[in-house]
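Each chain, written out:
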Amino acid sequence: MPLKIIRNDITKVKADIIVNSANPKPVYANGTDAAIYEAAGKEQLLAERKQIGNIEVGNIAVTHAFKLPAKYIIHTAGPDWQGGNSDEFVLLKSCYSKSLQKALELGAKSIAFPLVSTGVYQFPRDKALQTAIMAISEFLFQNDMLVILVVFDKKSFELSGKLFQDVDEYIDEYDVADMAVREYQHNRMEENYKNAVSGMMPGILYNEKKKDLNGIIENHGDTFQECLLKFIARSGMSDPEVYKKANIDRKLFSKIRCNVNYTPRKKTVLAFAVALGLDLKETNILLKSAGLSFSPGSKFDLITEYFIKRKIYNINTINLALFEHGQQTLGA
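Here the structure is a predicted model, which is why all the values come from computation and not from measurement.

Asks: Looking at this structure, how should I read the overall build of the protein chain?
Replies: A count of helical and extended segments in the protein chain gives 13 helices and six strands. Evaluated residue by residue, the protein chain yields a buried proportion of 48% over its 332 residues. Counting contacts in the protein chain only where the partners sit at least 6 residues apart, residues at least 24 apart contribute 68% of the total. For the protein chain, the exposed surface amounts to about 16,200 Å²; the carbon and sulfur share of it is 50%.

Listed below in structure tokens is the structure:
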């Protein structure tokens with residue numbers, strides 16, 4: 001199952017397991033820790049937590065969830081930020097990895113995390129986020145589970161760095177307010193593209209060694225499922241490799257594989273394009289097979305197009321940029 005990033009109060013998220021960024025001692029402090037205790041029932045939760053005792057930094061402990069919409073709470077003691085040279089990254093990654101492993105042992109199908117250590121422990125949010133994504137991605141590549149990363153508010157999720165600044169500049173270049181003119185140009189380009197495709201020689205055979213357009217589509221009447229499966233065959237990847245890289249649920253992938261006429265959402269199509277490392281022309285072919293196309297007036301499309309043009313195919317990086325701009329994310 002995939003990784004989802006949502007903006008919500010973690011105490012209201014429905015998941016088998018809720019993770020608490022906990023105090024190492026059997027007490028509760030401010031922020032997420034206090035909110036979880038209040039929502040679960042602080043007297044009962046604190047009593048069980050005291051029976052466990054102290055939790056070492058980077059380690060975990062499990063309690064019942066009581067009044068929370070979950071089966072268990074995993075308490076993890078995150079590290080204090082001390083400049084980055086005191087094993088903070090190793091310890092923070094351990095918080096996520098050990099929580100995920102315990103969730104697996106408990107038979108959980110879903111788990112919700114806050115951004116551990118970014119409150120009173122002052123771990124820089126962008127660095128904490130990168131560490132969380134790394135640990136979660138490694139786990140999901142080997143296991144099936146819905147992992148939800150919960151961000152409380154927009155201020156808590158402000159990414160920095162040249163890559164994300166470049167995304168902003170790329171969007172600004174398009175002047176979204178001038179949408180009507182570009183839509184007209186886009187429609188003309190689509191018409192020209194259709195004419196070009198209709199003029200393709202019939203009977204061109206699939207060539208798995210070449211990443212050209214003619215080597216993928218024998219004719220322009222392929223359904224989305226047929227087109228996708230040809231791209232997958234060319235990639236040499238297994239089905240699990242593809243749907244995991246696409247941040248797609250195994251059940252959804254099974255539906256697509258079993259239904260030649262499956263109609264996908266755009267975010268599903270683009271998730272597969274990213275997972276398969278398709279270039280922009282190939283992505284347009286996959287979109288077209290689903291009756292879809294890029295829209296120059298859509299921030300979602302512009303951001304995704306930005307990464308595909310630059311051959312940046314890390315779906316988590318793309319989804320972070322989409323999430324920061326208030327857009328739906330790819331895959332999940």
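Having put the structure on the table, let's press on.
Asks: I would appreciate a short explanation of the side chain of Ser110 in the present structure.
Replies: Note on placement: Ser110 falls in strand β5 (residues 110-113). At 3.0 Å, the side chain of Ser110 and the backbone nitrogen of Asp16 are in polar contact. Leaving out residues up to four positions away in the same chain, Ser110 has contacts with Ala15, Asp16, Ile17, Met145 and Leu146.

Asks: Quick question: what am I supposed to make of unusual backbone geometry here?
Replies: Glycine aside, a negative phi is what most residues show, and trans is what most peptide bonds show. Of note, Phe66 is a non-glycine position whose phi angle comes to about 55 degrees, a positive value. Relative accessible area serves as the criterion here: at 31%, Phe66 is assigned to the partly exposed category. Located in the positive-phi region is Asp87, a residue other than glycine, with phi close to 65 degrees. With respect to the secondary-structure elements, Asp87 resides in the loop between β4 (72-76) and α3 (88-105). A residue is classified by how much of its surface remains accessible, and Asp87, at 53% relative accessible area, is exposed.

Asks: Quick question: what am I supposed to make of the pattern of salt bridges here?
Replies: Side chains that differ in sign of charge can pair as their charged atoms come close. The tally for this structure, following the rule as stated, stands at ten salt bridges. One salt bridge in this structure joins Lys244 and Asp144, with 3.2 Å as the shortest N-O distance. A residue pair is termed long-range when its members are at least 10 positions apart, and Lys244 in helix α8 (residues 239-245) and Asp144 in the loop between α4 (125-142) and β6 (146-151) qualify at 100 residues. Between Asp144 and Arg250 there is a salt bridge, with the nearest N and O atoms lying 3.5 Å from each other. Note that Asp144 is positioned in the loop between α4 and β6 and Arg250 in helix α9 (residues 250-258), a separation of 106 residues in sequence. Look at the salt bridges and you will find they share partners, linking Asp144, Lys244 and Arg250 into a network.

Asks: Is there a simple way to think about a positive patch on the surface in this case?
Replies: Taken together, the side chains of Lys71, Lys109, Lys251 and Lys255 define a basic patch exposed on the protein surface. Here Lys255 shows up in helix α9. Judged by relative accessible area, which is 54%, Lys255 ranks as exposed.

Asks: Looking at this structure, how should I read the packing of helix α7 (residues 224-235) against α9?
Replies: Relative to each other, α7 and α9 sit at 110 degrees, their axes nearing to 8 Å. On the basis of their axis angle, the class for α7 and α9 is roughly perpendicular. Contacts between α7 and α9 involve Phe224, Gln225, Leu228, Leu229 and Ile232 on the former and, on the latter, Phe253, Ile256, Arg257 and Cys258. Looking at the contact of α7 with α9, its residues break down into seven nonpolar, one polar and one charged.

Asks: Explain the packing of helix α12 (residues 299-309) against helix α13 (residues 315-324) here, please?
Replies: Between two packed helices, what matters for the description is the angle formed by their axes and the separation of those axes. Viewed as axis vectors pointing N to C, α12 and α13 meet at an angle of 150 degrees, and their least axial separation amounts to 10 Å. Considering the angle they form, α12 stands roughly antiparallel to α13. When you trace α12 past α13, the crossing you get is right-handed. Residue-level contacts link Phe300, Ile303, Thr304 and Phe307 of α12 to Thr317, Ile318, Ala321 and Leu322 of α13.

Asks: Whenever I open this one, the environment of Ile17 confuses me. Can you help?
Replies: Relative to the helices and strands, Ile17 resides in strand β2 (residues 17-21). In this structure, the C-alpha to C-alpha distance between Ile17 and Ala108, residues 91 residues apart in sequence, is 7.0 Å. Beyond its immediate chain neighbours, meaning those up to four positions away, Ile17 contacts Ala70, Tyr72, Ile74, Ala103, Leu106, Ala108, Ser110, Ile111 and Ala112.

Asks: What's the story with the nonpolar core in this structure? I'm lost.
Replies: Across soluble globular proteins, nonpolar side chains show a tendency to be buried alongside one another. Grouped together as the largest cluster of nonpolar side chains are 39 residues, with contacts concentrated most on Phe224, Leu228, Phe272, Leu276, Leu286 and Leu330. Those elements that provide at least two residues to this core are α5 (162-173), α7, α8, α9, α10 (266-275), α11 (280-289), α12 and α13. For this core, the element with the most residues is α10, which contributes seven residues. Every residue in contact with Leu228, bar those within four places of it in the chain, is listed here: Ile256, Phe272, Leu276 and Leu286. Judged by nonpolar contacts, the second largest core, of 31 residues, contains Ala108, Ala132, Val151 and Phe323.

Parameters at a glance
Residues numbered from 1 in each chain as written. Predicted model: local features only at pLDDT ≥ 70, side-chain atom pairs only at ≥ 80, totals over all residues. Heavy atoms only, no water. Helix = DSSP H or I, 4+ residues; strand = E, 2+ residues; numbered from the N terminus. Buried < 20%, exposed > 50% of the residue type's maximum accessible area, 1.4 Å probe, protein only. Contact = heavy atoms within 4.5 Å. Areas by Shrake-Rupley, 256 points an atom, 1.4 Å probe, with all protein chains shown as cover. Polar contact = N/O pair within 3.5 Å; in protein donor to acceptor, adjacent residues only side chain to side chain. Salt bridge = Lys/Arg side-chain N within 4 Å of Asp/Glu carboxyl O. Patch = residues over 30% accessible without salt bridge, like charges linked within 9 Å, V, L, I, M, F, W, Y side chains within 5 Å. Lys, Arg positive; Asp, Glu negative; His and termini not counted. Charge placed at Lys NZ, Arg CZ, Asp CG, Glu CD. Axes fitted to C-alpha atoms, helices over the stretch in contact; angles between N-to-C directions. Parallel < 35°, antiparallel > 145°, perpendicular 65-115°, else oblique. Nonpolar A, V, L, I, M, F, W, Y, C, P; charged D, E, K, R; others polar. Left-handed = near helix turned anticlockwise from the far one by under 90°. Core = buried A, V, L, I, M, F, W, Y, C linked by side-chain atoms within 4.5 Å.

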